[in-house]
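Residue-level structure breakdown
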Amino acid sequence: MILKYFYDEKLAQASYLVGCGSSAMIIDPARDITPYIQAAQDKGLSINYIAETHIHADFVSGARELAFATGAQIVLSKMGGDDWQYTYDDDNLMLVEDGDTWMVGNIKVEVLHTPGHTPEHISFVITDTIVTDEPVGIFTGDFLFAGDVGR
């Protein structure tokens with residue numbers, strides 16, 4: 001499993017690359033997509049999925065631009081009710097809900113609905129199936145912070 005952390009100190013915004021084999025997923029990409037494309041190229045990965053944990057009011061997402069540049073699917077929540085739905089009309093959307101799963105190489109990604117920060121908020125539970133049948137981590141967006149919960 002390949003894991004790369006990206007952090008914008010000005011916005012206090014974190015994003016991630018998770019990869020396995022030749023496949024990668026970007027979680028909560030910032031507006032500047034160059035670091036994700038470069039990191040994937042450096043590791044010999046194709047970005048196949050771009051996942052968002054929630055509708056972001058505090059920064060501009062690069063998900064759509066990154067999807068256009070790479071041909072990746074955008075993974076978005078369909079939880080939260082009518083008032084909390086994405087309005088993207090893209091052909092490459094994968095709308096997910098609690099319990100949905102997909103694979104990034106040998107990495108199993110499972111959706112966990114974690115409302116609180118926003119009603120549609122989802123987290124991504126990661127299992128490296130080559131090593132274990134148990135989850136090895138979770139990407140929580142702004143739902144959980146080290147020593148705190150999202151507000």
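Refer to the structure above for everything that follows.
Counting of residues starts from 1 at the beginning of each chain's written sequence and follows it residue by residue. Note on the predicted model: pLDDT of at least 70 is required for a residue's local features to be given, and 80 or more for side-chain atom pairs to be given and counted; whole-chain, interface and lining totals, by contrast, use all residues. Side-chain descriptors were evaluated using all non-hydrogen atoms of the structure, hydrogens and water having been removed beforehand.

**What to know about the pairing of strand S7 (residues 101–104)**
Rule in force here: A simple rule labels every residue: compare its accessible area, found with a 1.4 Å probe on the protein chains alone, to the largest value its type can have, and call it buried under 20%, exposed over 50%, or partly exposed in between. The numbering of helices and of strands both runs from the N terminus, where a helix is a DSSP run of H or I of at least 4 residues and a strand a run of E of at least 2. Paired strands, as defined in this entry, are two strands with at least two bridges between them according to DSSP.
Residues Trp102 and Val104 point to one face of S7 and are all buried, whereas Thr101 and Met103, pointing to the other face, are not buried. Judged from the four bridges that link them, S7 and strand S8 (residues 107–113) form a sheet pairing that is antiparallel. In the strand pairing of S8, tryptophan 102 is matched with valine 109. In this antiparallel pair of consecutive strands, S7 and S8, the connection spans two residues, and glycine 105 shows a positive phi of 65°.

**Topic: the pattern of salt bridges**
Selection criterion: By salt bridge we mean one thing: a side-chain nitrogen of Lys or Arg within 4 Å of a carboxyl oxygen of Asp or Glu.
Scanning the model with the defined rule gives two salt bridges in all. Ionic pairing is found between glutamate 65 and arginine 31, a salt bridge with its closest N-O pair at 2.0 Å. Remark: arginine 31 occurs in the loop between strand S3 (23–27) and helix H1 (34–43) and glutamate 65 occurs in helix H2 (residues 63–70); sequence separation between them is 34 residues. Given a relative accessible area of 37%, glutamate 65 falls into the partly exposed group. Notably, a salt bridge pairs glutamate 97 with lysine 78, separated by 3.8 Å at the nearest N-O pair. Note that glutamate 97 is positioned in the loop between strand S6 (93–96) and S7 and lysine 78 in the loop between strand S5 (73–77) and S6, a separation of 19 residues in sequence. Classification of glutamate 97 as partly exposed rests on a relative accessible area of 33%.

**A few points about unusual backbone geometry**
A positive phi is found at aspartate 28, a non-glycine position, where the angle reads about 55°. Locating aspartate 28 in the fold gives a position in the loop between S3 and H1.

**Observations concerning H1**
Our working rule: Of all possible arcs, the one meant is that of the directions from the helix axis to the C-beta atoms.
Among the residues of H1, Tyr36, Ala39 and Ala40 are the ones counted as buried. Buried residues of H1, seen end-on, are gathered within an arc of 100° and therefore sit on one face of the element. Counted as exposed and oriented over 90 degrees from the buried face of H1: Thr34, Gln41 and Asp42.

**Considering the sheet that holds S8**
Counted only if it meets this: In this analysis, axes come from line fits to C-alpha atoms, helices being fitted only over the stretch in contact, and the angle between any two N-to-C directions falls in the range 0 to 180 degrees.
Spatially, four strands are ordered S7-S8-S9-S10 in an open sheet, and the strand pairing comes out antiparallel. Each having just a single partner strand, S7 and strand S10 (137–139) make up the two edges of the open sheet. Each neighbouring strand pair of the sheet contributes to a mean axis angle of 30°, computed without reference to strand direction.

**Notes on the sheet that holds strand S2 (residues 13–20)**
Strand pairing in a sheet relies on backbone hydrogen bonds. The paired strands run either parallel or antiparallel. For the record, the criterion: Contacts are assigned to residue pairs that have any heavy atoms within 4.5 Å of one another.
The sheet built from six strands is open, its strands ordered S1-S2-S3-S4-S5-S6 with mixed pairing. Looking at strand neighbours, the two that pair on one side only are strand S1 (2–8) and S6, the edges of this open sheet. Averaged over neighbouring strand pairs, the angle between their axes works out to 20° when direction is ignored. One ladder, built from four bridges, connects S5 with S6; its direction is parallel. Note on S6: the bridge partner recorded for isoleucine 74 is leucine 93. Sitting on the sheet, H1 is in contact with S1, S2, S3 and strand S4 (46–51), with an inclination near 155° to S1. Its contacts with the sheet place H2 against S3, S4 and S5, and it is angled at close to 155° to S4.

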